[in-house]
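Chain by chain, the residues run as shown.
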Amino acid sequence: AKQQGRNTYQWFSEELNTSANYRVKLRNELQDAIEDDSLTVYYQPVIDSRTGRARSVEALVRWEHPSRGLISPGDFIPLAEDTGQIIALGKQVLNKACRDMVKLHAAGFRECSVAVNVSPIQVRKDDFIRTVQEALASSGLPPEALELEVVESAILNDTDQVIKTLHELRELGVRLAIDDFGTGFSSLSYIKLMPANKIKIDRSFIKDVIQNRSDAAITQGVISMAHHLGLEVVAEGVETEAHAAFLRKHQCDLLQGFVFARPMPFEDIKNYMNTHGAC
Ligand code: C2E
Ligand code: CA
Ligand code: CA
Ligand code: CA
């Protein structure tokens, strides 16, 4: 498939404009990275707003490209979704995150859980449940230590099918978070159909939460709604102490952002947990 991909690229290269050209090249390079299993996973701590200590981490994929340097997932996840490569890539990230978490448990941080982002395309694939089961079984990670983050827009297509899959995942014992909450333009009534444990408020609401009255009202409203539904709330993109103070004041359960820690390689997470972990 790799060979064929390369030939296709050569054949098309003269006709396509540079940006389409670039995408094909990037796709082939991403294919190599997937086949070489060379993508890495960084981890960002999620902080309990009451104790100030971390009890989970979010897994974020990184591509250290041999010549272009570090490429952000924002630049290759959409491409991988278009090409279908997200299936293989997503499996690798899931397996790595589970294995790393088992290592962290073995190092003494037994209560720590890991949140893994899953694309709607992965969730809609028939064998997704099996993929998750296999990642848990082969790593030995307890299902309660795995949380899957699904964007709310994931349920816009194939609603019944997706909701059914999410229920099956809950039956396995894994946790579910609705990611980027507030950006998916989905009807609020879907929330009661989603068997989620957690809502993550998108960072676009947090950015100006101090100055912007609408953002403040939306943030407070989402926290209150989530609590009434029995869900925990995470705020993402917490960049300043003022953000954190506002969110603590309004009883946001969990905080994630650069003011606490940036995503870091697995080797650094152990040290971080030693000094800042609640696990
Ligand atoms: P996301 O799931 O919303 O992840 C949070 C993003 O916000 C991460 O960007 C993180 O580094 C960044 N971030 C964390 N704290 C702050 C902060 O205080 N300020 C700002 N400005 N940014 C902050 P990253 O790692 O570049 O990932 C971007 C997006 O790529 C993720 O957004 C997620 O949608 C996607 N992504 C990352 N890893 C994976 C993956 O393994 N699978 C899938 N399907 N998507 C992934
Ligand atoms: Ca996420
Ligand atoms: Ca998010
Ligand atoms: Ca986001």
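Just above sits the structure.
Parameters and conventions
Residues numbered from 1 in each chain as written. Chains lettered and ligands numbered in written order. Predicted model: local features only at pLDDT ≥ 70, side-chain atom pairs only at ≥ 80, totals over all residues. Heavy atoms only, no water. Near = heavy atom within 4 Å. Polar contact = N/O pair within 3.5 Å; in protein donor to acceptor, adjacent residues only side chain to side chain. Helix = DSSP H or I, 4+ residues; strand = E, 2+ residues; numbered from the N terminus. Nonpolar A, V, L, I, M, F, W, Y, C, P; charged D, E, K, R; others polar. Donors = N, O, S within 2.8 Å, 3.2 Å for Na, K, Ca; no water. Expected span 1.5 Å × (residues − 1). Core = buried A, V, L, I, M, F, W, Y, C linked by side-chain atoms within 4.5 Å. Buried < 20%, exposed > 50% of the residue type's maximum accessible area, 1.4 Å probe, protein only. Contact = heavy atoms within 4.5 Å. Phe/Tyr/Trp six-rings, centres within 6.5 Å; stacked < 30°, edge-to-face > 60°. Lys NZ or Arg CZ within 6 Å of the ring centre and 35° of its normal.

**Things to note about the site of ligand 1**
Close contacts around ligand 1 come from 22 residues, with Arg 62, Asn 117, Arg 203, Glu 239 and Phe 258 the closest. A distance of 2.8 Å separates an oxygen atom of ligand 1 from a polar atom in the side chain of Arg 62. Residue Asp 179 places a side-chain N or O atom 3.1 Å away from an oxygen atom belonging to ligand 1. Elements that contribute at least two residues to the shell around ligand 1 include exactly β2 (54-65), α3 (73-83), α4 (86-106) and β6 (175-181). When residues of the shell around ligand 1 are assigned to their parent elements, the largest contribution, 4 residues, is made by β2. When its residues are assigned to classes, the shell around ligand 1 shows 9 nonpolar, 6 polar and 7 charged.

**Quick look at the coordination of the calcium ion (ligand 2)**
Protein coordination at the calcium ion (ligand 2) comes from Glu 58 (OE), Asn 117 (OD1), Glu 149 (OE) and Asp 179 (OD), with a distance range of 2.2 to 2.3 Å. Donor residues binding the calcium ion (ligand 2) come from one chain and are separated in sequence as E-x58-N-x31-E-x29-D. Here the calcium ion (ligand 3) and the calcium ion (ligand 2) are spaced 3.6 Å from one another, each receiving a donor from Asp 179. Of this pair, Asn 117 sits in strand β4 (residues 113-117) while Asp 179 sits in strand β6, placing them 62 residues apart in sequence.

**Concerning helix α6 (residues 128-139)**
With 12 residues, α6 ought to run about 16 Å at 1.5 Å a step, and its terminal C-alpha atoms sit 17 Å apart, in line with that. Just past α6, the residue Gly 140 takes up positive phi, approximately 80°.

**What about the nonpolar core?**
In this structure, Val 114, Leu 146 and Leu 148 are the most contacted members of the largest nonpolar core, which totals 80 residues. With 9 residues, α4 is the single largest residue contributor to this core. Contact partners of Leu 148, with chain neighbours within four places excluded, come to Leu 94, Val 116, Val 118, Phe 128, Val 132, Leu 169, Val 174, Arg 175, Leu 176 and Ala 177.

**Digging into the side chain of Ser 113**
Mapped onto the secondary structure, Ser 113 falls in strand β4. On the basis of relative accessible area, Ser 113 is assigned to the buried category, the value being 18%. The contacts of Ser 113, once residues within four sequence positions are left out, are Arg 55, Ser 56, Val 57, Met 101, Glu 144 and Ala 145.

**Some words on the packing of aromatic side chains**
Under the definition given, this model contains 2 aromatic pairs. Residues Tyr 43 and Phe 266 carry aromatic rings whose centres are separated by 6.1 Å and whose planes lie at 70° to one another, so their mutual orientation is edge-to-face. Pair noted here: Tyr 43 is in strand β1 (residues 40-48) and Phe 266 is in helix α11 (residues 266-276), with a separation of 223 residues, a long-range link. There is no split in this pair, since Tyr 43 and Phe 266 are both buried. Geometrically, the ring pair formed by Trp 63 and Phe 76 is edge-to-face, given 5.4 Å between the ring centres and 85° between the ring planes. Placement of the pair is Trp 63 in strand β2 and Phe 76 in helix α3, with a sequence separation of 13 residues. As far as burial versus exposure is concerned, Trp 63 and Phe 76 are alike and both buried. If you follow Arg 262 out to its NZ or CZ, it ends over the ring of Phe 258, 3.8 Å from the centre.

These figures capture arrangement, not role.
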